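A structural walkthrough
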Amino acid sequence: MFTVTGNDALDLLYIIQYFQKIEIYLIILLSYNLFLISINESKLENILLKIFPTKLVKLYVKSLLILKRSRYIIIPCFLILIIIANIYSYYYLDFFINNLVYKEKIIEVYFKK
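First, a word on what this report is: a plain description of the structure on this page. (Residues numbered from 1 in each chain as written. Predicted model: local features only at pLDDT ≥ 70, side-chain atom pairs only at ≥ 80, totals over all residues. Heavy atoms only, no water.)

1. Some remarks on the overall build of the protein
Scanning the protein for helices and strands turns up five helices and zero strands. By the burial criterion, 26% of the 113 residues in the protein qualify as buried. Put simply, 68% of the contacts in the protein that link residues at least 6 apart link residues at least 24 apart. With the model as given, the accessible surface of the protein reaches about 8,500 Å², and the carbon-plus-sulfur share is 69%. (Helix = DSSP H or I, 4+ residues; strand = E, 2+ residues; numbered from the N terminus. Buried < 20%, exposed > 50% of the residue type's maximum accessible area, 1.4 Å probe, protein only. Contact = heavy atoms within 4.5 Å. Areas by Shrake-Rupley, 256 points an atom, 1.4 Å probe, with all protein chains shown as cover.)

Shown next as structure tokens:
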């Protein structure tokens, strides 16, 4: 999951990159959910019935209605997870930059390891 190299400084950079990827995925999921909430089900159902079989369209519309009912739980959860991922990536990046700029000997030890 983290592609651990054994070098502490590079591993820290990998963790920062991982948290930033999580944040991007969560933003995409949040925007997708916000888009689905704004869709009118009846118009969407009429459009999809022209393309797909009835059984598949009914199943999709039913899952869309369940998603719309659970939006009060899903959207705040995504926002909380985005904030957590952002805080962790900022924290680790700040730690890395502070040690790189102010304590060059510590980073030299990490990179030579």
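The discussion continues.
2. Digging into helix H1 (residues 8-37)
Compared with the 44 Å implied by 1.5 Å per residue over 30 residues, the 43 Å span of H1 between its first and last C-alpha is a close match. Within H1, burial applies to Ala9, Asp11, Leu12, Ile16, Phe19, Glu23, Leu26, Leu30, Asn33 and Leu36. (Expected span 1.5 Å × (residues − 1).)

3. Comments concerning the packing of aromatic side chains
Taken as a whole and assessed by the stated rule, the structure comprises five aromatic pairs. Centre to centre, the rings of Tyr88 and Tyr92 are 6.2 Å apart; their planes meet at 15°, and the pair counts as stacked. With Tyr88 and Tyr92 both in helix H4 (residues 71-102), this residue pair falls four residues apart, about one helical turn. Since its relative accessible area comes to 38%, Tyr88 is described here as partly exposed. We classify Tyr92 as partly exposed; its relative accessible area is 24%. Members of the aromatic cluster, joined through ring pairs, are Tyr18, Phe19, Tyr88, Tyr91 and Tyr92. (Phe/Tyr/Trp six-rings, centres within 6.5 Å; stacked < 30°, edge-to-face > 60°.)

4. Description of helix H3 (residues 54-69)
With 16 residues, H3 extends 23 Å between its outermost C-alpha atoms, agreeing within 8% with the 22 Å of an ideal straight helix rising 1.5 Å per residue. Those residues of H3 that sit buried are Val57, Val61, Leu64, Leu67 and Lys68. For H3, the angular spread of buried residues about the axis comes to 115°, placing them on one side. Among the exposed residues of H3, those pointing more than 90 degrees away from its buried face are Lys55, Leu59, Lys62 and Arg69. (Arc of directions from axis to C-beta.)

5. Structural notes on a nonpolar patch on the surface
Side chains of Ile47, Ile51, Phe52, Leu56 and Leu59 sit close together on the surface and give an oily, nonpolar patch of about 510 Å² of accessible area. Elements supplying a minimum of two residues to the nonpolar patch: helix H2 (41-51) and H3. Mapped onto the fold, Leu59 is located in helix H3. (Patch = residues over 30% accessible without salt bridge, like charges linked within 9 Å, V, L, I, M, F, W, Y side chains within 5 Å. Salt bridge = Lys/Arg side-chain N within 4 Å of Asp/Glu carboxyl O.)

6. Overview of the packing of H2 against H3
Following both chains from N to C, one finds H2 and H3 inclined at 155°, their axes separated by 10 Å at the closest point. It follows that H2 is roughly antiparallel to H3 by the angle criterion. Along this stretch, H2 crosses H3, giving a crossing that reads as right-handed. Touching Glu41, Leu44, Glu45, Leu48 and Leu49 of H2 are Thr54, Val57, Lys58, Tyr60, Val61, Leu64, Leu65 and Lys68, all from H3. Counted by class, the contact of H2 with H3 contains eight nonpolar, one polar and four charged residues. (Axes fitted to C-alpha atoms, helices over the stretch in contact; angles between N-to-C directions. Parallel < 35°, antiparallel > 145°, perpendicular 65-115°, else oblique. Left-handed = near helix turned anticlockwise from the far one by under 90°. Nonpolar A, V, L, I, M, F, W, Y, C, P; charged D, E, K, R; others polar.)

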